[in-house]
Structure formats: C-alpha cells, structure tokens
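Observations on the three-dimensional arrangement
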Amino acid sequence: MKGCRVDLRAISKSFGTYQALKDVSLSIQKGEFFSLLGPSGCGKTTLLRLIAGFDDPGAGDILLDDSSILALPANERHVNTVFQSYALFPHLSVFENVAFPLRLRKKPSGFIRDEVARYLSMVRLEEHRDKFPAQLSGGQKQRVAIARALINEPAVLLLDEPLAALDAKLRQHMLIELDSIHDSVGITFIYVTHDQQEAISISDRVAVMNEGAVLQVGTPQEIYESPADLFVARFIGETTILVGTVVRTGGGAAEVNVPGLGPVAVQSAKALAPGNTVTFTIRPEKLVASREKQDLPGNGGNCFQGVVEEIIYTGFLTKFFIKAGGTTFRVFRQHGNLPRGGDSAIAWRDTVYLGWQAGDAYVVEVKQ
Ligand SMILES: Nc1ncnc2c1ncn2[C@@H]1O[C@H](COP(=O)(O)OP(=O)(O)OP(=O)(O)O)[C@@H](O)[C@H]1O
Ligand SMILES: [Mg+2]
C-alpha cells in the first residue's frame, strides 16, 4: 500500500486569544480514507492547513510515517491539497493545468505527456484535455484539480470540502468517483466536510469535531450506532433523545422512568444503577409506529401511544414526527418495508402506537 501514516500529536492552535484547536491527537493509517467532520468553524480547515504546512501549530507535532514534518516547508511535505474553490489557472488548458506541477519540476515532455494522459484518464477527462477551465462544469473543474493534486504522487491528499460547490446530484456522483480514485491511487486521503452523510458514506473512519476538539473517532457505523456523546448523537443522522432516572435493574434491562412518558425498558452494555440519570437515543429506523397494537414489538418491548404531529414524504421513505409524553419521536419508515396494513394508513393527527425493543436504544450518558 502506498501513502503514509499521519500522526497528529496534541496539536493546539490559537489565533490571538481564540483557541481554534484544542489538544487534537489523531492517528490516520496508511492508505486510509479518513474524514474530519464537524460544524462550520470547528477547526477542520485550520487542522488541514497545519498538515499541509500553510501554518504552524502553537503546540504539538505532526508526523508522516514516524518523522516529524513540522520543520519542512509546504512543498517538501509530500502532501497535496484540493480546495473547494478549484484554484485552477484560467489561462491554461486542462492538459496544462494538470501538467503544471511536472513542468515546475522540469520533467521531460514525453514523461509529462504520458503522466497527464494517465491522470486525465483516471478522472475521466481525456476528451476535455484542450478546454479551458471556463468551459468546464463544476464537477469537471474539481476533477482537474484532483488530477493536478495527484500528479506529483503525494503520500497524502488533503481535500477541503472539495464538493461543496456542486449540486446534490453531482456531489453524489463525485463521491463515487473519489472513492474509485482513492482505490486506484491507494494513498492516504484526509477529507474535510461538514456534511455527515458525505462523511459516513465514503470514509473508512471519521473524526467528529466540535469547537476545536475531537469528540470521537470511529468507523461510520461506530459513530452512528454508538455515539460517544450527545453532540455526536445529534450531529450524525437524526434521532430521538430521552432522559430518565433508573428505577431498577436486573432481568437484562433497566427500568428507566422518563418524565412525561413513564417506565421505559433500556438495555445497555454500560453499568446502570438505581438513581442514575441516563440519556439515551433511539434511531428513527428502530422505531415502529402503527395504528394496530399487534404490529409492535412484543415481549420486553416498549409501547406508547402518541399523536402524529407531522408526516414528511421523501420518496424512498416517510418521516413521522409523533408526540408521546411530551417528547417528539422521529420515526422513519422505508417504503416497501411497511408492516402489512400498517403505517401506510397513518394520517396527520392520528393517535398511534409507537414502540421499540429495549436493546434498540443506545445509552449515551450515565450520571450518578
Ligand atoms: N487566520 C485566522 N485568524 C483568526 N481566526 C481564524 C483564522 N483562521 C480561522 N480562524 C477561526 O478559527 C475557527 C476555525 O476555523 P476553520 O476555518 O478551521 O473552521 P472550519 O471547521 O473549516 O469551518 P467551515 O466548515 O466553515 O469551513 C473559526 O472560528 C475561525 O473564525
Ligand atoms: Mg473550512
């Protein structure tokens, strides 16, 4: 496998009195597709700029395959960056834009011709080689920028929201292309985005950031199924959050009293004791809603009555917002997956049954 391992050790960075990065440590594997995910202003670009060498950290170290690169200028780091804004040379053709880094290094013209052809084919732009940037679509421009960033064969490619300027359909398409480009070059990709859907659909692992700190590092499945804290639970996907007090434990599930709702059965790998305050989340696809009580999970399951506040049809699924005991539950039902005679019949303002299994909730926080 090509590419490098990237280690960030206790990185901090301040601008004046504002601390943009707080003690960030990450270990990114060779050849990994790794995403930095977090809301606007959380420090993603700042972190990328430190790796690229456009700025210096106030504290900490950055290592590529065990060697510190802090003392190296940007052009000696074997790291290249793709920006949101393409940054193409408008007066150069597609071919010359991609050839530019090789011309700088005074490579022979035969070598340049072959290499540019190879990378243009990888990003599927052979037919557009003689066009100028102004004659290209957004997705094509971004592919030129990617080819230009790859042609020097960096060990690490940094991508700062490279798809942000594209429309939703093209973004989806470019994500698939990026994935296949990553497969064919085999180097380490560090991808910055504030779009959780993008991050979880393409990454091997994701670091979720907020306010300059890393809150959780994990596979897309880990951060979705087992969020480290409430911020991550809310930021990744949609969910319903409940807070209650443990009344008793034993028999495989704890009984948690949720104000307004009553006793709820909760299973958790975390140790729960009577008197604890627990915060737990239930993902919308784990919830079942129906006008018929018999459609709901039986033994050991939770079942409440609620009123449908809102129904949003999204094409492949319907989102129901159902209010029960003061909490609005988000329930997603994929079409073609409806219980027979079940919630297809649910209408706005209906009173329905709402249920889930004790093991389908995930306990995020336990307080004594
Ligand atoms: N050169 C600078 N001088 C002062 N403050 C800065 C500078 N660069 C970044 N910041 C601040 O640091 C914080 C993090 O900025 P950064 O650009 O890293 O955020 P981000 O996560 O990339 O956000 P976005 O998703 O909007 O691109 C912000 O509050 C920003 O205002
Ligand atoms: Mg940014």
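Residues numbered from 1 in each chain as written. Chains lettered and ligands numbered in written order. Predicted model: local features only at pLDDT ≥ 70, side-chain atom pairs only at ≥ 80, totals over all residues. Heavy atoms only, no water.

So, the overall build of the protein
Let me state the cut-off plainly: Only DSSP runs of H or I reaching four residues or more are called helices, and only runs of E reaching two or more are called strands; each is numbered from the N terminus. In this analysis, two residues are considered to be in contact whenever any of their non-hydrogen atoms come within 4.5 Å of each other. Note on areas: these come from Shrake-Rupley sampling with a 1.4 Å probe, and a residue is covered only by the protein chains present in the view. All tallies of charge rest on Lys and Arg as positive and Asp and Glu as negative; His and the ends of each chain are not included. By convention, charge coordinates are those of NZ in Lys, CZ in Arg, CG in Asp, or CD in Glu.
When its secondary structure is counted, the protein shows eight helices and 20 strands. Principal-axis analysis of the C-alpha atoms places the extent of the protein at approximately 75 × 45 × 35 Å. The long-range share in the protein, meaning contacts at least 24 apart out of those at least 6 apart in sequence, stands at 68%. Accessible area of the protein: about 17,200 Å², with a carbon and sulfur share of 49%. Charged side chains in the protein number 38 positive and 40 negative. The centres of these two groups are separated by 2 Å.

Let's talk about the pattern of salt bridges
Selection criterion: What counts as a salt bridge is simple: a side-chain nitrogen of Lys or Arg found within 4 Å of a carboxyl oxygen of Asp or Glu. Whether a residue is buried, partly exposed or exposed follows from its accessible area with a 1.4 Å probe, protein chains only, as a fraction of its type maximum: under 20%, in between, or over 50%, in that order.
For the structure shown, the criterion picks out 19 salt bridges. Arginine 124 is the partner of glutamate 177 in a salt bridge, and the nearest nitrogen-oxygen pair spans 2.2 Å. Residue glutamate 177 is located in helix 5 (residues 168-185), and its partner arginine 124 is located in the loop between helix 3 (109-122) and helix 4 (138-150); the two are separated by 53 residues in the primary sequence. Since its relative accessible area comes to 8%, glutamate 177 is described here as buried. Across the salt bridge formed by arginine 171 and glutamate 198, the nearest N and O atoms sit 3.6 Å from each other. A residue pair is termed long-range when its members are at least 10 positions apart, and arginine 171 in helix 5 and glutamate 198 in helix 6 (residues 196-202) qualify at 27 residues. Residue arginine 171 is classed as partly exposed on the basis of its relative accessible area of 23%.

Here's the deal with the pairing of strand 10 (residues 213-218)
Basically, it comes down to this: Strand pairing requires that DSSP identify at least two bridges connecting the strands.
Across five bridges, the pairing between strand 9 (residues 205-210) and strand 10 is antiparallel. If you follow valine 206 over to strand 10, its bridge partner there is glycine 218. The hairpin turn running from strand 9 into strand 10, its antiparallel successor, is two residues long, and glutamate 211 in that turn takes a positive phi close to 45°.

A word on unusual backbone geometry
Non-glycine residue aspartate 65 carries a positive phi angle of around 45°. Structurally, aspartate 65 can be placed in the loop between strand 4 (59-64) and strand 5 (67-68). In this model, arginine 349 sits at a positive phi of 75°, which is unusual for a non-glycine residue.

Considerations on the site of ligand 1
The test is simple: Nearness is judged by heavy atoms alone; a residue qualifies as near a molecule or strand once a single heavy atom is within 4 Å of it. Counted as a polar contact is a pair of N or O atoms within 3.5 Å, where, for protein atoms, one must be capable of donating a hydrogen and the other of accepting one, and residues adjacent in sequence contribute only when both atoms are in side chains. Three residue categories are used. Nonpolar comprises Ala, Val, Leu, Ile, Met, Phe, Trp, Tyr, Cys and Pro, charged comprises Asp, Glu, Lys and Arg, and polar comprises the others, including Gly.
Near ligand 1 the following residues occur: Phe15, Tyr18, Ala20, Pro39, Ser40, Gly41, Cys42, Gly43, Lys44, Thr45, Thr46 and Glu161. One nitrogen or oxygen atom from the main chain of glycine 41 is found 2.7 Å from an oxygen atom belonging to ligand 1. Elements with a contribution of two residues or more to the shell around ligand 1: strand 2 (18-28) and helix 1 (44-52). The dominant element in the shell around ligand 1, judged by the number of residues it contributes, is helix 1, at three residues. Among the residues making up the shell around ligand 1, the classes are represented as five nonpolar, five polar and two charged.

Description of the environment of proline 154
Relative to the helices and strands, proline 154 resides in the loop between helix 4 and strand 7 (156-160). Owing to a relative accessible area of 6%, proline 154 belongs among the buried residues under this scheme. With 195 residues separating them along the chain, proline 154 and arginine 349 place their C-alpha atoms 58 Å apart. Leave out the neighbours within four places in its chain, and proline 154 touches His78, Val79, Asn80, Ala149 and Ile187.

Here we look at the domain arrangement of the protein
To be explicit about the condition: For the domain bounds, the source is a domain assignment made automatically or taken from a database. Once two parts are brought into contact, the accessible area they lose, counted with a 1.4 Å probe and summed over both, makes up the buried area.
Here the protein is described as being made up of domain 1 (6-235) and domain 2 (240-367). Computed from C-alpha atoms alone, the centre-to-centre distance between domain 1 and domain 2 is 39 Å. Listed per partner, the contact involves ten residues of domain 1 and ten residues of domain 2. For the pair domain 1 and domain 2, the summed buried surface comes to about 820 Å²; carbon and sulfur atoms form 54% of the total. Our enumeration of links across domain 1 and domain 2 arrives at one salt bridge. Ionic pairing is found between lysine 286 and glutamate 225, a salt bridge with its closest N-O pair at 3.7 Å. Joining domain 1 to domain 2, the criterion identifies two residue pairs in polar contact (both at pLDDT 80 or more). For the side of domain 1 that touches domain 2, the secondary structure elements donating two or more residues are helix 7 (220-225) and helix 8 (230-235). Partitioning the side of domain 1 that touches domain 2 into residue classes produces six nonpolar, one polar and three charged.

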